[in-house]
Each structure stands twice: as C-alpha cells, then as structure tokens.
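Given next are the chains, with one letter for each unit.
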Amino acid sequence: SQTIHQWPATLVQPVGSPLSLECTVEGTSNPNLYWYRQAAGRGLQLLFYSVGIGQISSEVPQNLSASRPQDRQFILSSKKLLLSDSGFYLCAWSGYRGGLNTEAFFGQGTRLTVV
Amino acid sequence: AQSVTQLDSQVPVFEEAPVELRCNYSSSVSVYLFWYVQYPNQGLQLLLKYLSGSTLVESINGFEAEFNKSQTSFHLRKPSVHISDTAEYFCAVSRIQGAQKLVFGQGTRLTINP
C-alpha cells in the first residue's frame, strides 16, 4: 500500500533562518506531489505542485521554493523565513487510474512557528 | 478555474442529532468532488469522494454526500452524530484530468455537544 511521510511534525524557527521540510511517498511511482499551507482559521492554499522529477509549478508568489530531486521526494524550502510563513504545511500525493486523476492523500503535516 | 464555497464556518449540534454541512462549487469543466476531515493537529483524511456513477456516496462511518449537478452542490450529511465526529471538514474539487490541483473550501468546524 502507499504511504506518505512528512517531517518534522513541529518546528519553531527564528525569523531569517532557513527552512527545509521533507516529504516522501512509498508504494507508488511517478506520483503528483503537492505542498499546501493552512494558516490559522483559514482553508488550504496550494503552494506548489509537481508532476515529475525537476518539474515544479508555483501557485502563489512567496518566500518559499520547492524541489523534487527524486521521483517520490518533495522538499519545501526557504532561505530566510518571515513571520508570515507560520502555518500548518501539508504534503500530498495523487496518482492516475485509467488516465484520470485519483484522490489525493495527505501527510500528517508540519506545524511551523516562526518567532 | 474552480472554486468551492462552504456556507457555514461553524456548526454546533447535539450528540445523536442530524447534521448537514453545505458545499457549493463552480467549475467550467467536469470535476471530482471530495470531503476531507481534519482532526486537531493532524493531516487531512479522505472521508468520501464522487468520481462518477451514483450521485449518492457514503463513507464507512455513516456520512453521506449527494452530488447535485444542477445546483452545483455536494452537501455532507449524517443522520446521527457522535462526539468523535468533532473535527474540521473540508469540501474540495479537482479536475478530472491534468495536474490535480485540489481547490478547497474554507472548512466547516463541526462541534458535537453532549
């Protein structure tokens, strides 16, 4: 079966420090990968998605970047964190079945607090 | 582009009462529809989905949702709720083909009172 791992679960970082959040998927190949952010009291916002190695699409301009160095690895990064980067970050994956999209599956999330 | 509107940000109900969480969407193309549930400090879990076929879909824990194309709605219902149903519920849509960029509603916080 497929599983998705996301770490760390919680993170407290000072303003101006770098960030690296990692997500890996097991049990499938060539998944679509996503990073979402959930700010306090708000819905989920798609930050980045990737349909293959090295292919990253950004949905909103921001202080973050994403990379996909391997087929089942998706990394969210920042060179210098801002207070506004605080939030709950969720990684997700989806696949294809018969050429059509399947549902998306989410990791357990990372609670990032920038202080 | 797609959009999702969840009409209620909070829904308090008493245990064993029925509940309906409302979701309306807009899209110029055919979409899949989903309900996800989020328990505190956890990721999202898929509750149920509409891909095709019967417009009434059910989950294993008693929730059901009905796809209504004419009203562009996908409301979530449960005839009798339990304390353990307390959570945030998100309605979402995605395209059928191409990169599946889920578009979420703002969420509805369901609180069950004893």
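Residues numbered from 1 in each chain as written. Chains lettered and ligands numbered in written order. Predicted model: local features only at pLDDT ≥ 70, side-chain atom pairs only at ≥ 80, totals over all residues. Heavy atoms only, no water.

It is worth spelling out the confidence of the model for chain B at this point. This prediction gives chain B a mean pLDDT of 91; 98% of its residues lie at or above 70. Ranking the helices and strands of chain B by mean pLDDT puts strand 3 (residues 19–21) of chain B first, with 97, and strand 7 (residues 56–58) of chain B last, with 88. (pLDDT = per-residue confidence, 0-100. Helix = DSSP H or I, 4+ residues; strand = E, 2+ residues; numbered from the N terminus.)

Applying the stated rule across the entire model yields 14 aromatic pairs over all chains. For the pair Tyr36(A) and Phe104(B), a centre-to-centre distance of 5.5 Å together with 90 degrees between the ring planes defines the contact as edge-to-face. Here Tyr36(A), found in strand 4 (residues 32–38), pairs with Phe104(B), found in strand 11 (residues 103–104), and the two come from separate chains. Of the residues examined, Tyr36(A) reaches a relative accessible area of 1% and is grouped as buried. Members of the aromatic cluster, each reached through a chain of ring pairs, are Tyr34(A), Tyr36(A), Tyr49(A), Phe106(A), Phe34(B), Tyr36(B), Phe90(B) and Phe104(B). (Phe/Tyr/Trp six-rings, centres within 6.5 Å; stacked < 30°, edge-to-face > 60°. Buried < 20%, exposed > 50% of the residue type's maximum accessible area, 1.4 Å probe, protein only.)

With respect to the helices, strands and loops of the structure, Thr28(A) is situated in the loop between strand 3 (19–26) and strand 4. Setting aside residues no more than four positions away along its own chain, Thr28(A) makes contact with Gln2(A), Arg72(A) and Trp93(A). (Contact = heavy atoms within 4.5 Å.)

We now examine the state of the cysteines. All names here are of chain A. Tallied over the entire structure, the rule returns 2 disulfides over all chains. Two residues, Cys23 and Cys91, share a disulfide whose sulfurs are 2.0 Å apart. Since a negative S-S torsion denotes a left-handed disulfide, the Cys23-Cys91 link at about -75 degrees is left-handed. With Cys23 in strand 3 and Cys91 in strand 9 (residues 87–97), this pair connects stretches of sequence that are 68 residues apart. Judged by its relative accessible area of 0%, Cys91 is buried. (Disulfide = S-S within 2.5 Å.)

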